[in-house]
Amino acid sequence: MKAQVTLAWRAMLVVAFIQFVTGAANAESLHSLIDRHLKPLSGLELQRCSDAEFLRRASLDLNGMPPTADEARAFLADTAPDKRERLVDRLMASPHYVRHLATTLDLMLMERRANTHVTVDEWQAWLLKAVRENKPWNVLAREILVADGDDPSQRPPARFALDRASEPNLLTRDIGRIFFGRDMQCAQCHDHPIVEDYLQSDYHGLLAFVAPTYPIVRTEGDKQVTLQAEKAGNDLTFESVFLGVKRRTGARIPDGLIIDEPFFLPGEEYQVAPADNVKAVPKFSRRAKLAELATDGSNQAFNHNIVNRLWAHMLGRGLVHPLDLHHPDNPATDPALLRILSEHFVATNFDIRGFLREIALSDVYQRPFDAPADLLAIASQAAAEVAQLDERRPSLEAAAKASTEAYAAASEAWNAAEAAMLPVAGELDTVRAQYADAKTKLDEATKAAADATAQLQAKQTVAEPVQQAATAAEQAVKALADDKELAEAAAKFVARSQQLVAEVLALTKAVEEKSAAMPPLTDAWNNAKPPVDAALTKVTPLTTSFKQAEQAMLVVRTQAAADERALAALDRRLATARSVAGLPVLDQAIVLAKQAVPACDAALVAAQNELTDFAPIVAKVEADVLAATNAMTVATQTLEAARAEGTKRSELVAAIQAAFDATEAARLKLPDDAVLADAATKLRERALASQSEMGETQTQIDAATAAQDAAGKVLAAVQATVVATVAQRAEREQAMNVANQALAAAQADVAAKQSQYDQVVAELTDRWTRDFTVAALKPLTPEQLCWSVFRVTGVYESYWQVEVAELDKTAALTDEQKQDPAQLAARAVDLEQRTFDKLKANVATFVGLYGAGAGQPQGDFFSTADQALFAANGGVLNSWIAPSNNNVTDRVIKQTDPRIAAEELYLGVLSRLPTEAETEEVVTYLSSRTADRNVAAQELVWSLLNLAEFRFNH
């Protein structure tokens, strides 16, 4: 009862809040609220993005394809102040808006899974109708969550579950991700190891809604049709693989209480009981309750998730990002804004079209892609904001700490209440199982008795006329005793009658036996009910206490999460403000570092000059060393020559003296020998002459020795000078090296300081992208890329015009119909569908090349070799680029003025005018290719199609 009062009170609060928000919305538009909440850092002035940027951005986001060149030219030339608002309205009135949003919802809900149970055409037609009628998101989501595929009109939304094979854990994960923004897969077996806020009880509480769902196959004509059936739900028991503690939960949605369910005795739970190929229908549907609780406007997780996803559709990333990781440690860029957006969305009846329009009209959506330039100019304002935020932070931190402690205490009380309830709940499970077993046995016995009675009655029904026929036959035999055939027939009747009587007796006995088995089974069943009532009575107050503890826990858990998010949001803004406020310090450090460079450079120049000036001295000393060395060499050579000559003459003197001595000895023996006397005289004269010559040689040796000594002294003196000179040159070289190192260090210091500054600016730019101060790059989805290529190459327009001509022939509008906006809008829808049907086969090619795998969300941009090969060598792509029907290639070729040709090229492909440099590049390229201008034009179109600018929306 208390829980019912709580739910009623919540409903009253939701209604009251919706009325409040509706009144507030009348006072201030949602796009103004967005701008007020996401205002840039103090002092930061942001201009709107250019008209060309807005045109392409809005066209891709709302229509899934860029504008035509003519549309771009007209919009850029329009000077009306409301032209952007009119553009948004025109785009949203287009059938392309319906197609693109339906495709977006398809990707979000099904993530390119194969159409196994619902055809592509059925699914797309249902989504298109929903978007065209602007079906409220909660209605659309409710239809998806409750659809079982039985009602043909509601079979398409059953695709969500059917094409996931109705597998409970897969459904739990994807419902959690796609409808509540929480990927709790890792909390299946234990509390999430990374996300503290994702509990195992959260996962199993959501699983409890879908666990009773199972598929059945029904034969309809010549085909098999799969439907979803639902059994009656039970509480789920689970335990952490880490802790091994038994836990129990009923069904509950994220941030919700365990639901109140009516209590049914076993056997009383169903409107249609489970059976082979029978769609079971419980009296209480958990799946219907899930749809109700999720979509009634009271569940913040559901509301936050969808506005966050729609926000990401328009701005490239969510206020919470990644989209399926909503938790306190991953807070929204602006938690208050996320709350306001979701409340506004609920207050406006989940109006997707109106919500997207308000986003598109906000200044936040229209911010430029480029980061702010002069950040130093706002440093003082940023410093002032740092002081304000620092002043606010302690109170937020204290609140976060207090609410976290309160959450811990409430969690402990909740766990204690659960622990008290679990044994008694187990008792109830036991007696319920006993009751169910008793009832099953009684039902089986009742059925067996009923079957036996039916068989007896059927046998008696047959036996009675046979008995009558046998009696009549016997009487006839008595009357016609000689009729053998009649006697044989009568005998058969009698035999058959006797057989039937025996069978009736046997069946009568079986009925008696089976009926006799009924009373004890009936007593056992009757006796099994009081324990159930007693256990229910016993567990009810404990369950009530548990739910009260859970409600208290959820209140403080929600508050703790809100406080953590608020503190995290402030810290993020504080970090940004600190970074900007600190830029002047970093800039001054760069200035000081740069100031040190000239002095180091001058010192290096001076050292180089000193080394250069010292070079002649070194050269002279080196020349002196060379001369002294050469002189020393000459002196040494002269001395050696003199000594060699002296040695030679000394040997000659010795030889002459020996000859003289020998001759003199011979003469003494032959004193009268004139020849010997003459020889002796001549040898004496020659010896005296040789001795004289030997003296001269010694004089020469002495002179050469003196000269060598003198040259040695000169060389030694010069060598001493060389040592000093080399030392002085080394000193100068060392001074130059030191100066060079000092200059390099100073330059490295400048580079490091500049790198530090640049890193802070890069981090700021990244933060500003994440907090929507500047626009983010968004890679085109494969579908967007396909239709964009068709649009800019003129393929789409060509096919559209073919369908226009066909309809004008087969179903031409009357003049009156041409004046009817409804008729024209219907014709546009028809044309879009017919054109789509002709070209849709190409989407599969782009999805295969550029898309994520089936069952995976389309993530960030990635490139592959297959993409490059398709773009470079794809014959189909080149055929689309070929000049045809006034497409962009054709327009470039036809333009005689190359500057106008450049305009046609850039407007046609990139929806903007070229820069002067780009114009000159096109002019030069076309001028150099006059002989093959057609090929050159195709190459230019191909090059722009392959630019990153074309692959991204920004």
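Residues numbered from 1 in each chain as written. Predicted model: local features only at pLDDT ≥ 70, side-chain atom pairs only at ≥ 80, totals over all residues. Heavy atoms only, no water.

1. Here's the deal with the overall build of the chain
- Secondary structure assignment for the chain yields 31 helices and eight strands.
- Taken against the 2.2 N^0.38 rule, which gives 30 Å for 954 residues, the C-alpha radius of gyration of the chain at 52 Å runs more than 25% over that of a compact globule.
- Dimensions of the chain, computed from C-alpha atoms along their principal axes, come out at roughly 215 × 90 × 75 Å.
- When each of the 954 residues of the chain is scored for burial, the buried share is 42%.
- Total accessible area computed for the chain in this model is approximately 46,700 Å², and 57% of it derives from carbon and sulfur atoms.
- Within the chain, the 129 negative side-chain charges are centred at a point lying 3 Å from the centre of the 96 positive side-chain charges. (Helix = DSSP H or I, 4+ residues; strand = E, 2+ residues; numbered from the N terminus. Rg over C-alpha atoms; globule rule 2.2 N^0.38 Å. Buried < 20%, exposed > 50% of the residue type's maximum accessible area, 1.4 Å probe, protein only. Areas by Shrake-Rupley, 256 points an atom, 1.4 Å probe, with all protein chains shown as cover. Lys, Arg positive; Asp, Glu negative; His and termini not counted. Charge placed at Lys NZ, Arg CZ, Asp CG, Glu CD.)

2. Examining the environment of Ala408
- Structurally, Ala408 can be placed in helix α16 (residues 379-479).
- In this structure Ala408 comes out as partly exposed when scored by relative accessible area, which is 44%.
- In this structure, the C-alpha to C-alpha distance between Ala408 and Trp942, residues 534 residues apart in sequence, is 61 Å.

3. Thoughts on the packing of helix α2 (residues 30-37) against helix α14 (residues 335-347)
- Their axes nearest at 10 Å, the elements α2 and α14 cross at an angle of 170 degrees. Compared by their axis directions, α2 and α14 come out roughly antiparallel. Residues Leu30, Leu33, Ile34 and His37 of α2 touch α14, and the partners they reach there are Ala336, Leu337, Ile340, Leu341 and His344. (Axes fitted to C-alpha atoms, helices over the stretch in contact; angles between N-to-C directions. Parallel < 35°, antiparallel > 145°, perpendicular 65-115°, else oblique. Contact = heavy atoms within 4.5 Å.)

4. Some details on the nonpolar core
- Counting residues in each nonpolar core, the largest one holds 90 residues, and the members touching the most others are Leu109, Trp137, Ile175, Phe179, Phe180 and Trp311.
- Among all residues touching Ile175, those that are not within four sequence positions of it are Leu145, Phe160, Phe180, Leu206, Val210 and Leu290.
- Grouped together as the second largest cluster of nonpolar side chains are 44 residues, Met65, Phe790, Val843 and Leu910 included. (Core = buried A, V, L, I, M, F, W, Y, C linked by side-chain atoms within 4.5 Å.)

5. Brief notes about the pattern of salt bridges
- Counting across every chain of the model gives 74 salt bridges.
- Glu783 is the partner of Arg112 in a salt bridge, and the nearest nitrogen-oxygen pair spans 2.8 Å. Residue Arg112 is located in the loop between α6 (95-110) and α7 (120-132), and its partner Glu783 is located in helix α20 (residues 782-792); the two are separated by 671 residues in the primary sequence.
- Residue Arg112 is classed as buried on the basis of its relative accessible area, which comes to 17%.
- In this structure, the salt-bridge partner of Lys620 is Asp624, at a minimum N-O distance of 3.0 Å. Here the residue Lys620 and the residue Asp624 both occupy positions in helix α18 (residues 583-669), the gap between them amounting to four residues, near one helical turn.
- Connected through salt bridges with shared partners, the residues Glu111, Arg113, Arg164, Asp174, Arg177 and Asp324 form a single ionic network. (Salt bridge = Lys/Arg side-chain N within 4 Å of Asp/Glu carboxyl O.)

6. Points about the pairing of strand β4 (residues 246-249)
- Note that strand β3 (residues 236-239) and β4 share four bridges and pair antiparallel. Bridge pairing links Phe238 to Arg247 in β4.
- Connecting β3 to the next strand, β4, in antiparallel fashion are six residues, including Gly244 with a positive phi near 70 degrees. (Pairing = 2+ DSSP bridges.)

7. Focus on unusual backbone geometry
- The residue after His321, namely Pro322, is reached through a cis peptide bond having omega 0 degrees.
- In this model, Arg112 sits at a positive phi of 60 degrees, which is unusual for a non-glycine residue.
- Of note in the backbone geometry, Ala165 takes a positive phi value of approximately 60 degrees without being a glycine.
- Within the secondary structure layout, Ala165 lies in the loop between α9 (159-162) and α10 (168-180).

8. Structural notes on the packing of aromatic side chains
- Scanning all chains against the criterion turns up 19 aromatic pairs.
- Aromatic pair Phe846 and Tyr850: ring centres 5.9 Å apart, planes at 20 degrees, arrangement stacked. Of this pair, Phe846 and Tyr850 both sit in helix α24 (residues 841-850), separated by four residues, roughly a single helical turn. Neither residue differs from the other here; Phe846 and Tyr850 are each classed as buried.
- By way of ring pairs, the aromatic residues Trp137, Phe160, Phe179, Phe180, Phe302, Phe345, Phe350 and Phe355 are connected into one cluster.
- The ring of Phe160 has Arg164 sitting right over it, with the charged end atom 4.0 Å from the ring centre. (Phe/Tyr/Trp six-rings, centres within 6.5 Å; stacked < 30°, edge-to-face > 60°. Lys NZ or Arg CZ within 6 Å of the ring centre and 35° of its normal.)

9. Some words on the pairing of strand β2 (residues 223-230)
- The element β2 is largely enclosed, with a buried count of six among its eight residues.
- As paired elements, strand β1 (residues 213-220) and β2 share eight bridges and run antiparallel to each other. Across the sheet, Arg218 pairs through a bridge with Val225, a residue of β2.
- In this antiparallel pair of consecutive strands, β1 and β2, the connection spans two residues, and Gly221 shows a positive phi of 70 degrees.

10. Here's the deal with the side chain of His204
- Within the secondary structure, His204 sits in helix α11 (residues 200-210).
- From its side chain, His204 meets the backbone oxygen of Gln188 in a polar contact 2.9 Å long. (Polar contact = N/O pair within 3.5 Å; in protein donor to acceptor, adjacent residues only side chain to side chain.)

11. Let's talk about the state of the cysteines
- Under the defined criterion, the tally for this structure stands at zero disulfides.
- Cys186 provides the cysteine sulfur closest to Cys189, a residue in no disulfide bond, and the two sulfurs are 9.2 Å apart. (Disulfide = S-S within 2.5 Å.)

12. Some thoughts on the packing of helix α5 (residues 83-92) against helix α15 (residues 352-361)
- Axis separation between α5 and α15 bottoms out at 10 Å; the angle between their running directions is 150 degrees. For the element pair α5 / α15, the angle class is roughly antiparallel. The crossing of α5 and α15 is right-handed. Contacts between α5 and α15 pair Glu85, Val88, Asp89 and Met92 from the former with Arg353, Leu356, Arg357, Ala360 and Leu361 from the latter.
- A per-class count over the contact of α5 with α15 returns five nonpolar, no polar and four charged. (Left-handed = near helix turned anticlockwise from the far one by under 90°. Nonpolar A, V, L, I, M, F, W, Y, C, P; charged D, E, K, R; others polar.)

13. As for the side chain of Glu783
- Using a relative accessible area of 10% as the deciding quantity, one classes Glu783 as buried.
- Of the polar contacts made by the side chain of Glu783, one reaches the side chain of Arg112; its length is 2.8 Å.
- The residues contacting Glu783, other than those within four sequence positions of it, are Thr103, Leu107, Arg112, Val843 and Val847.

14. Quick word on helix α30 (residues 933-945)
- Its 13 residues give α30 an end-to-end C-alpha distance of 18 Å, which sits within 8% of 18 Å, the value for a rise of 1.5 Å per residue.
- Against α20, α26 (875-881), α27 (888-894), α28 (898-910), α29 (916-927) and α31 (948-951) lie the buried residues of α30. (Expected span 1.5 Å × (residues − 1).)

15. Looking at a nonpolar patch on the surface
- Where nonpolar side chains cluster on the molecular surface, the patch consists of Val241, Phe242, Leu243 and Val245 and spans about 460 Å² of accessible area.
- Along the chain, Val241 turns up in the loop between β3 and β4. (Patch = residues over 30% accessible without salt bridge, like charges linked within 9 Å, V, L, I, M, F, W, Y side chains within 5 Å.)

16. Looking at the environment of Ala619
- Secondary-structure assignment places Ala619 in helix α18.
- Taking the C-alpha atoms as reference points, Ala619 and Lys809, 190 residues apart in sequence, are found 102 Å from one another.

17. Some words on α2
- Among all positions of α2, only Leu30, Leu33, Ile34 and Asp35 are buried.
- Taken together, the buried residues of α2 touch α13 (300-315), α14 and α15.

18. Side note on the confidence of the model for the chain
- Predicted confidence across the chain gives a mean pLDDT of 88, with 96% of residues reaching 70 or more.
- Every residue in residues 1-25 is under pLDDT 50, and counting partners more than four places away or in other chains gives 16 contacts. (pLDDT = per-residue confidence, 0-100.)

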